[in-house]
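# Structural overview
Given next are the chains, with one letter for each unit.
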Amino acid sequence: MTLLRLPQPYDFSLSTERFRAFGLDLANLWQDDALLRVVSGREARITAAPDGVSVEPFDGEIEAVARNLLGADFDLEAFAGFAAADPVLEHLSEALAGFRPPLVPDPFEALVTSISAQQVSLRAAFAVRSRLIAGFGERAQLAYEFPSRERLAAAGADDVVATGFSRRKGESIVGLARSDVDLGALAVCPDEEVKVTLSALPGIGEWTADWFLARHLGRPRAWPAGDLGLRKAVSHFYGGGHDLSVQEVRAMSSRFAPFENLSAHYLLTGLRVAP
């Protein structure tokens with residue numbers, strides 16, 4: 001196996017907790033203390049190692065995907081310095097030391113993942129998404145490669161609905177696959193331009209666009225205020241026993257600037273594992 005060094009601190013167990021918390025994810029499969037991810041038909045096995053992770057097989061393409069999947073580019077040192085001024089974030093940055101939020105390497109996959117989670121629990125979203133992956137993805141050994149945009153563009157909404165998606169979501173996924181938007185080009189666009197472009201597509205609103213910024217592009221200022229989970233986390237840590245509204249959570253974004261994205265991930269994960 002090849003050692004992929006990651007910026008320290010890094011905690012493999014915490015950083016991959018999401019792949020165990022909500023059920024089976026066939027595209028990011030957790031098995032025997034390893035994360036399995038298929039890259040161009042090859043199943044890469046990622047395991048904990050001193051100073052980073054071990055990856056097998058390994059090449060430049062797999063390295064890029066692994067670094068993205070493991071949140072290697074987040075600046076945790078700067079975030080810890082920022083968090084020291086906020087008692088809640090200071091507690092979470094210490095309790096979750098080395099937690100690097102996982103990103104979704106592919107833009108189409110990121111959007112389909114968010115569509116699957118619209119207005120349902122994450123357990124339900126993981127379950128229906130894995131059925132889509134099993135139906136339209138390519139299996140390597142144990143894990144599956146996420147269905148390509150071309151494969152889902154050739155499918156009909158009925159085919160997607162048959163995997164468990166609602167009619168509206170099935171039409172949104174197929175419509176996204178067939179759209180002429182260059183999703184890869186969004187990586188160089190400002191946050192607001194990304195949101196405007198994505199929100200023009202059927203079935204994609206502010207919530208989905210915010211998570212695209214946060215979980216795919218890793219934009220530091222992404223703050224998905226409309227997310228129910230984030231509202232619960234912010235309410236728990238800052239609400240004094242009161243449920244905060246979307247507007248109140250959105251207004252709090254300035255409190256976490258310029259680390260809104262990392263703050264959101266630490267609050268969400270902290271609510272699950274370090275309340």
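Residues numbered from 1 in each chain as written. Predicted model: local features only at pLDDT ≥ 70, side-chain atom pairs only at ≥ 80, totals over all residues. Heavy atoms only, no water.

### Some remarks on the side chain of Ser-93
When you line up the elements, Ser-93 lands in helix α5 (residues 87-95). Not counting chain neighbours up to four residues away, the residues in contact with Ser-93 comprise Phe-79, Ala-83 and Tyr-266. (Helix = DSSP H or I, 4+ residues; strand = E, 2+ residues; numbered from the N terminus. Contact = heavy atoms within 4.5 Å.)

### Digging into the pattern of salt bridges
This model, assessed by the stated rule, comprises 16 salt bridges. Across the pair Asp-25 and Arg-129 runs a salt bridge, and its minimum N-O distance is 2.6 Å. Note that Asp-25 is positioned in the loop between α2 (18-21) and β2 (29-31) and Arg-129 in helix α7 (residues 122-136), a separation of 104 residues in sequence. Across the pair, exposure class does not vary: Asp-25 and Arg-129 are buried alike. A salt bridge links Asp-210 to Lys-195; the shortest N-O distance between them is 3.0 Å. (Salt bridge = Lys/Arg side-chain N within 4 Å of Asp/Glu carboxyl O. Buried < 20%, exposed > 50% of the residue type's maximum accessible area, 1.4 Å probe, protein only.)

### Remarks on the pairing of strand β3 (residues 34-39)
Across the six residues of β3, six count as buried, placing the element largely inside the fold. A two-sided burial pattern is seen for β3, the buried positions comprising Ala-34, Leu-36 and Val-38 on one face and Leu-35, Arg-37 and Val-39 on the other. Joining the antiparallel neighbours β2 and β3 is a turn of two residues, in which Asp-32 adopts a positive phi near 55 degrees. Bridging between β3 and strand β4 (residues 42-49) involves five bridges; their strand directions are antiparallel. Bridge pairing in β4 links Arg-37 to Ala-44. (Pairing = 2+ DSSP bridges.)

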